[in-house]
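# Structural overview for review
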Amino acid sequence: TAAAGADVNFKLTSNVPDDLLNYLNPDDVYPPVIGDDEPGNPEPGIPADSNRGHYALTFHDQMDEEFEFDPESVVVMVGDTELVPVDEYTISYNVPHEGEDPETVCDFEITIDLVGLYESGAITSEDIENATSITVTYTATLADDAKAGSYENEAWVHYPDTNSSHDTVEVITYGINIFKYDQAKGVDGKDAGLADAKFALYDEKAVVDGALVEGATPILTGITSGANGYARIDGLDEGIYYLVETEAPTGYVKSD
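Every chain is numbered on its own, with residues counted from 1 as its sequence reads. Given that this is a predicted model, residues contribute local features only at a pLDDT of at least 70 and side-chain atom pairs are listed and counted only at 80 or more, while totals for whole chains, interfaces and linings are drawn from all residues. Only heavy atoms go into the side-chain values, all of them from the structure, while hydrogens and water stay out.

### Let's talk about the overall build of the protein
- Secondary structure elements are defined from DSSP: runs of H or I of at least 4 residues count as helices, runs of E of at least 2 residues count as strands, and each element is numbered from the N terminus. The helix and strand inventory of the protein stands at two helices and 18 strands.
- Burial here depends on accessible area, computed with a 1.4 Å probe over protein chains only, as a share of the maximum for the residue type. Under 20% is buried, over 50% is exposed, and the range in between is partly exposed. Taken over 256 residues, the protein has a buried fraction of 31%.
- Contacts in the protein between residues far apart in sequence, at least 24 positions, make up 70% of those at least 6 positions apart. The contact definition used throughout considers only heavy atoms, calling two residues in contact when any of these lie within 4.5 Å.

### A word on the sheet that holds strand 16 (residues 220-224)
- In spatial order, the strands read 16-13-18; together these three strands make up an open sheet with antiparallel pairing. Each edge of the open sheet carries a strand with a single partner, namely strand 16 and strand 18 (241-247). Sheet twist, expressed as the average angle between the axes of neighbouring strands with direction ignored, equals 30°.
- Sheet analysis places strand 13 (residues 198-203) next to strand 16, joined by three bridges and oriented antiparallel. What sits directly across from L201, in strand 16, is L220. A pair of strands is labelled paired if DSSP reports no fewer than 2 bridges between them. To define axes, lines are fitted to C-alpha atoms, for helices over the stretch in contact only, and angles between the resulting N-to-C directions are given on a 0 to 180 degree scale.

### What to know about the packing of aromatic side chains
- Between the rings of Phe, Tyr and Trp (Trp by its six-membered ring), a pair exists once the centres lie within 6.5 Å; its type follows the angle of the planes, with under 30 degrees stacked, over 60 edge-to-face, and the other angles tilted. Taken as a whole and judged by the stated rule, the model has nine aromatic pairs.
- Here F108 and Y138 contribute two aromatic rings whose centre-to-centre distance is 5.0 Å and whose plane-to-plane angle is 80°, an arrangement assigned as edge-to-face. Remark: Y138 occurs in strand 7 (residues 133-142) and F108 occurs in strand 6 (residues 105-113); sequence separation between them is 30 residues.
- The exposure class of F108 is buried, given its relative accessible area of 0%.
- Relative to Y181, the ring of F179 has its centre 5.2 Å away and its plane inclined at 20°; by these criteria the two rings are stacked.
- Overall, the relative accessible area of 28% leaves F179 in the partly exposed class.
- Residue class for Y181 comes out partly exposed when judged on its relative accessible area of 32%.
- Among the aromatic residues, those joined into a cluster by ring pairs are F10, F67, F69, Y93, F108 and Y138.

### Points about the nonpolar core
- Remark: nonpolar core denotes a set of buried residues (Ala, Val, Leu, Ile, Met, Phe, Trp, Tyr, Cys) joined through side-chain atoms within 4.5 Å. F59, F67, I110, I112, L114 and Y138 are the most contacted members of the largest nonpolar core, which totals 37 residues.
- I110 has contacts with L57, T58, F59, V74, V76, Y89, T90, I91 and V136, leaving out every residue within four places of it along the chain.
- Within the second largest apolar cluster, eight residues are counted, among which are A197, F199, I223 and I233.

### A word on the side chain of S14
- In this structure, S14 sits in strand 1 (residues 7-15).
- Among all residues touching S14, those that are not within four sequence positions of it are L57, F59, S133, I134 and V157.

### Side note on the pattern of salt bridges
- By definition here, a salt bridge exists when the distance from a side-chain nitrogen of Lys or Arg to a carboxyl oxygen of Asp or Glu is within 4 Å. Counted under the stated rule, the structure contains two salt bridges.
- The partner of E245 in a salt bridge is K180, and the shortest N-O contact between them spans 2.9 Å. Residue E245 is found in strand 18, and its partner K180 is found in the loop between strand 10 (167-179) and strand 11 (181-187); the two are separated by 65 residues along the sequence.
- A salt bridge links R232 to D234; the nearest nitrogen and oxygen atoms lie 3.0 Å apart.

### Let's talk about the sheet that holds strand 3 (residues 67-78)
- Strand order in the open sheet made by the four strands is 1-7-3-4, with antiparallel pairing throughout. Since the sheet does not close on itself, it has two edges, and those belong to strand 1 and strand 4 (81-82), each with one partner.
- Where strand 3 and strand 7 come together, eight bridges link them in antiparallel fashion. Its bridge partner lying in strand 7, V78 is registered against I134.

As structure tokens, then:
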């Protein structure tokens, strides 16, 4: 859960594949080496196997528009080692899905060449054996005007010729309806709403033993009932809140 305007931290996890060594690109020699013979020279014009010499692992992430992704927050790790952007991974923004709905766009894609990391020593044989985790952490901010509801962040990994299953996380924000009314002026059993009652909202730290702490700062002010007596507060995180009436409509006494 999160409040409107709050930062939400996300973590995507994959791992070093156990078949990575199959993708290394050995030096081609011609003719083949037999016994103690000196190796020949590579034969020109023979294309390398397209499945060798490169293993691209790509994280895809697609968020609801109520999230604003912070590119500066991205950290990519292999185990306990942080990778260097550009040199050890690339990141692209607003990328259309390949082979899927062209109207759907990933907020970002992060691609890592695992063969390159193995050849540079950033990934070791021990990492392959232990399926060391590969993680992407980052922050996205929920919009200031987010209404009560559920907002989704969907992610998956593409590796040679295959996509992983898609994982979706829901971030929930809440709302409160307020109704201010005059019990004496109801019509046909319905309470009559009162306009222009003003309220402030506090979190649970502002109240001790049922009393508002002196000098406590409200988290939201300017909440005013409309002509029908209703006011709406949106974008609240999970928790306990206290609503305090700060000013009553003309001709009324505010609640304590």
